[in-house]
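An overview of the molecular structure
As a plain string of letters, each chain reads:
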Amino acid sequence: MRHVFRPIMASLTLVLAACGAGIDSSPIKTTSTGETQVSPATDSVESRGHSLVRVVNAVSTDKSVTVQLGDRTLFADVRAGVVTDYAEVETNLAQFSVLAAGSTGGTMLVQADRLLIDGNRYSIFVISKDVSQQALRVVRDDVIPDSGKARLRLVHAAPGGPEFDVQPTGSTEKIFSGVDFLAEAGPADLAPVASLALELRAAGEPRLLMKMPVVELRRGTTTTVVVTGSSKLASFQFTDALMKQTPKP
């Protein structure tokens, strides 16, 4: 299955098109590196005129970051590879700033304005552009896959990394094709499977770039794989699920 990547961006057109889509009526459970977090249903957040945001520190170093909304600190000292819980945000035009954690007075790394729509979830990805520069990308989280499916998406956060294709190990069928740096591939709705091994190969070539850790795709969940690293590729993943019983595959 060929799946064209989608640039990571939060432009007015894309966000408005998403307005009203993906509003969940159940709390969401997020699992990352063995830790579990629970965030409220967005229909209750929407009723208050708010949205939900979280930070994914995808920098290709071991540096922590602090993320502010205007003058308010949303998340402090977020370690590399960490996915925070969601925080409720009351403003629609949000000015996000990323600061170097622990620096005197807070060294500004990157700043960007984004439009947020009430009742939606957003992930703020902090990504290394090179050894000294960071990029900030905000994407909307749609955690509700089609009935009976599991949802998979992938973020290319590896500076200097080539475009790549993503395919199951032992298969020539691609899940995602031509994923470029600073791009979000997917989401793709797939059949649930207890153990899926994935490979990254150079776009349009047989050259193997990396074998990724096994992914478990459970029905009714959304799994995000983040590819990082500069001299050597690496990855981490996190899974979002509605807080209700879903059968295992």
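Just above sits the structure.
Everything quoted here is computed from the prediction, not taken from an experiment.

Structural notes on the overall build of the protein
Assigned secondary structure in the protein consists of 2 helices and 21 strands. Considering the protein as a whole, with its 249 residues, one finds that 49% of them fall into the buried category. Considering only intrachain contacts with a sequence separation of at least 6, the fraction spanning at least 24 residues in the protein is 61%. Accessible area of the protein: about 11,100 Å², with a carbon and sulfur share of 51%.

What about the pattern of salt bridges?
Enumeration over the complete set of coordinates arrives at 10 salt bridges. Here arginine 54 ties to aspartate 141 by a salt bridge, and the two come within 3.5 Å at their closest N and O atoms. Taken together, the residues span a long stretch of sequence, with arginine 54 in strand β4 (residues 51-58) and aspartate 141 in strand β11 (residues 134-141) at a distance of 87 residues. Given a relative accessible area of 0%, arginine 54 falls into the buried group. Relative accessible area serves as the criterion here: at 3%, aspartate 141 is assigned to the buried category. Between aspartate 240 and arginine 54 there is a salt bridge, and its shortest N-O distance comes to 2.9 Å. With aspartate 240 in strand β21 (residues 234-242) and arginine 54 in strand β4, this residue pair connects regions lying 186 residues apart in the sequence. Arginine 54 matches aspartate 240 in its accessibility class, with the two residues each being buried. A single network of salt bridges, built from pairs that share partners, joins Arg54, Asp141, Arg153, Glu184 and Asp240.

What to know about the sheet that holds strand β14 (residues 176-179)
One key point about sheets: their strands pair by backbone hydrogen bonds, in either a parallel or an antiparallel sense. A sheet is described by the order of its strands in space; here 4 strands give the open sequence β14-β13-β17-β18, paired in antiparallel fashion. Looking at the sheet topology across the chains shown, the edges are occupied by β14 and β18 (208-211). Put simply, the sheet's adjacent strands are angled 25° from each other on average, direction ignored. Two elements, strand β17 (residues 198-202) and β18, share 3 bridges in a ladder whose sense is antiparallel. Bridged to glutamate 199 within β18 is lysine 211.

Some points on unusual backbone geometry
In this structure, the amide linkage connecting glycine 186 to the following residue, proline 187, adopts the cis form with an omega of 5°. Its place among the elements puts proline 187 in strand β15 (residues 183-190). Phi at leucine 182 takes a positive value of approximately 65°, unusual for a residue other than glycine. Within the element layout of this structure, leucine 182 appears in the loop between β14 and β15. Exposure remark for leucine 182: the relative accessible area of 15% places this residue in the buried category.

Brief notes about the side chain of threonine 224
Along the polypeptide, threonine 224 turns up in strand β20 (residues 221-228). At a separation of 2.7 Å, a polar atom in the side chain of threonine 224 contacts the side chain of arginine 153. When sequence neighbours within four positions are dropped, the list of residues in contact with threonine 224 reads Phe125, Arg153, Val155, Phe236, Gln237 and Phe238.

Topic: the sheet that holds strand β10 (residues 121-128)
The mixed open sheet is built from 4 strands, whose spatial order is β7-β4-β10-β11. Every other strand in the sheet has two partners, leaving β7 (87-89) and β11 as the edge strands with one partner each. Going from strand to strand, the sheet's axes swing by 30° on average, the running direction of each strand aside. Of the pairings in the sheet, the one linking β10 to β11 comprises 8 bridges and is antiparallel in character. Residue pairing for β11: arginine 121 is matched across the bridge by aspartate 141.

About the criteria used
Residues numbered from 1 in each chain as written. Predicted model: local features only at pLDDT ≥ 70, side-chain atom pairs only at ≥ 80, totals over all residues. Heavy atoms only, no water. Helix = DSSP H or I, 4+ residues; strand = E, 2+ residues; numbered from the N terminus. Buried < 20%, exposed > 50% of the residue type's maximum accessible area, 1.4 Å probe, protein only. Contact = heavy atoms within 4.5 Å. Areas by Shrake-Rupley, 256 points an atom, 1.4 Å probe, with all protein chains shown as cover. Salt bridge = Lys/Arg side-chain N within 4 Å of Asp/Glu carboxyl O. Pairing = 2+ DSSP bridges. Axes fitted to C-alpha atoms, helices over the stretch in contact; angles between N-to-C directions. Polar contact = N/O pair within 3.5 Å; in protein donor to acceptor, adjacent residues only side chain to side chain.

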